[in-house]
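Per-entry structural report
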Amino acid sequence: MKMHEPLKNAAGIGALLAALLLAGCGALPDKPIRATLYDFGPGPVSAAPARAGTPALPPLALADIEANTRLDGTQMLYRLGYADANEVRPYGQSRWSQAPAQLLRQRLREALAATRPVLGPEESASIARTEGRVPDTLRVTLVEFSHFFESPSASVGLIRVNATLIRTAPGGDRVLAQRSFTVQRPAPSNDAPGGVKALAAASDAVVADIVAWVSQPR
């Protein structure tokens, strides 16, 4: 039986539409790739035992760590020092779980709490109201936090912070001490995971330096 021309054309159009539909489905983009999240790791699995007879240091108020707008987000940044050290570049598919200043403050608080009570701004204000005294305050500013490539085959995690120890008295605030810290640690690989390990190691090192400095008698 011979197919009428209109039916024949309709069948052809239907086949063409089906082919286009299949082709369109094959051209659909893949799911967006989710960025890999990193932090500094869990830290010590168990707390170090306190040494018997070691008196606790006086309470210390730890302010939120300040950072410039470049470090406010969770982007993981790197610099190509051998090409243009002034240009800051983000890794595309790797991010921090929190802003670097928050990650660093957590590590610093844990380290300080091993030898003294560590207070937040609200706790410090509460002591001031109830006991009439204000603990010294440690203020830290995060200036640099990047995976720095010295050459195409060598890189480090680079951290620079400014620390200020402040004592509040009836006459106003007084700077007890102030210091800048710069620490770098080699990266085991020249990629985002290598930069994470280098910056985590550099963070632990700068935290240890700050704790030793702030614990000096004054």
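In short, a report on the structure. Just so it is clear, the structure is predicted and the values come from calculations on it, not from any experiment. (Residues numbered from 1 in each chain as written. Predicted model: local features only at pLDDT ≥ 70, side-chain atom pairs only at ≥ 80, totals over all residues. Heavy atoms only, no water.)

1. Focus: the overall build of the protein
Stated formally: Every helix listed is a DSSP run of H or I at least four residues long, and every strand listed is a run of E at least two residues long, numbered separately from the N terminus. Each residue's exposure class comes from its accessible area (1.4 Å probe, protein chains only) as a fraction of the maximum for that residue type: buried when under 20%, exposed when over 50%, partly exposed otherwise. Contacts: residue pairs with any heavy atoms within 4.5 Å of one another. Using the Shrake-Rupley algorithm and a 1.4 Å probe, accessible areas are obtained, with residue cover drawn only from the displayed protein chains.
Along the backbone of the protein there are five helices and nine strands. When the helices and strands of the protein are listed from N to C terminus, the series reads α-β-β-β-β-α-β-α-β-α-β-β-β-α. Each of the 218 residues in the protein was classed as buried or not, and the buried ones make up 33%. A separation of at least 24 residues holds for 66% of the contacts in the protein among residues at least 6 apart in sequence. Of the roughly 13400 Å² that the protein leaves accessible, carbon and sulfur atoms contribute 57%.

2. A few points about the pairing of strand β9 (residues 172–186)
The cut-off we apply is this: Paired strands, as defined in this entry, are two strands with at least two bridges between them according to DSSP.
In this structure, strand β8 (residues 154–169) lies alongside β9, joined through 14 bridges in antiparallel fashion. Considered in β9, the bridge of Ala 163 is made with Arg 179. Hairpin connection between β8 and β9: a loop of two residues separates the two successive antiparallel strands.

3. Regarding the packing of aromatic side chains
Remark: the centre distance and the inter-plane angle together describe each pair of aromatic rings, the angle taken between the planes. To keep it simple, the criterion reads: Here is the rule: rings of Phe, Tyr and Trp (six-membered ring for Trp) pair when centre to centre is within 6.5 Å. Planes less than 30 degrees apart are stacked, more than 60 are edge-to-face, and the remainder are tilted.
In total, this model carries six aromatic pairs according to the counting rule given. A ring pair is formed by Tyr 78 and Tyr 91, whose centres lie 4.7 Å apart and whose planes are at 40 degrees; its orientation type is tilted. Of this pair, Tyr 78 sits in strand β4 (residues 75–80) while Tyr 91 sits in strand β5 (residues 85–96); the two residues are 13 residues apart in sequence, bridging distant segments of the chain. You can call Tyr 91 buried: its relative accessible area is 17%. With 5.8 Å between their ring centres and 75 degrees between their planes, Phe 181 and Trp 213 make a pair best called edge-to-face. Taken together, the residues span a long stretch of sequence, with Phe 181 in strand β9 and Trp 213 in helix α5 (residues 192–214) at a distance of 32 residues. Pair check on accessibility: Phe 181 and Trp 213 agree, each one buried. Taken together, the aromatic side chains of Phe 40, Trp 96 and Phe 145 make up a single cluster linked through ring pairs.

4. What about the pairing of strand β7 (residues 136–151)?
Sheet analysis places strand β2 (residues 60–62) next to β7, joined by three bridges and oriented parallel. Pairing of Leu 62 across the sheet is with Leu 138, part of β7. Connecting the antiparallel pair β7 and β8 is a turn made up of two residues.

5. Quick look at the nonpolar core
Our working rule: We call a set of buried residues a nonpolar core when its members are Ala, Val, Leu, Ile, Met, Phe, Trp, Tyr or Cys and they connect through side-chain atoms within 4.5 Å of each other.
In this structure, Trp 96, Leu 108, Leu 112, Leu 138, Leu 142 and Val 161 are the most contacted members of the largest nonpolar core, which totals 42 residues. Breaking this core down by element, the ones donating at least two residues are β2, β4, β5, α3 (100–112), β7, β8, β9 and α5. If you tally residues by element for this core, the top one is α5, at 12 residues. The contacts of Val 161, once residues within four sequence positions are left out, are Leu 104, Val 140, Thr 141, Leu 142, Val 143, Arg 179, Ser 180, Phe 181, Val 206 and Ile 210.

6. A look at α3
The test is simple: By definition here, a helix of n residues has an expected span of 1.5 Å times n minus one.
Over its 13 residues, α3 runs 18 Å from end to end, which matches the ideal 18 Å to within 8%, given 1.5 Å per residue. Along α3, the positions that sit buried rather than exposed are Pro 100, Ala 101, Leu 103, Leu 104, Arg 105, Arg 107, Leu 108 and Leu 112.

7. Structural notes on α5
For clarity, the cut-off: Counted as a polar contact is a pair of N or O atoms within 3.5 Å, where, for protein atoms, one must be capable of donating a hydrogen and the other of accepting one, and residues adjacent in sequence contribute only when both atoms are in side chains.
For α5, built from 23 residues, the straight-helix expectation of 33 Å at 1.5 Å per residue is met to within 8% by its first-to-last C-alpha distance of 32 Å. For α5, the side-chain oxygen to backbone nitrogen distance between the N-cap and Gly 194 is 3.0 Å, and the N-cap itself is Asp 191.

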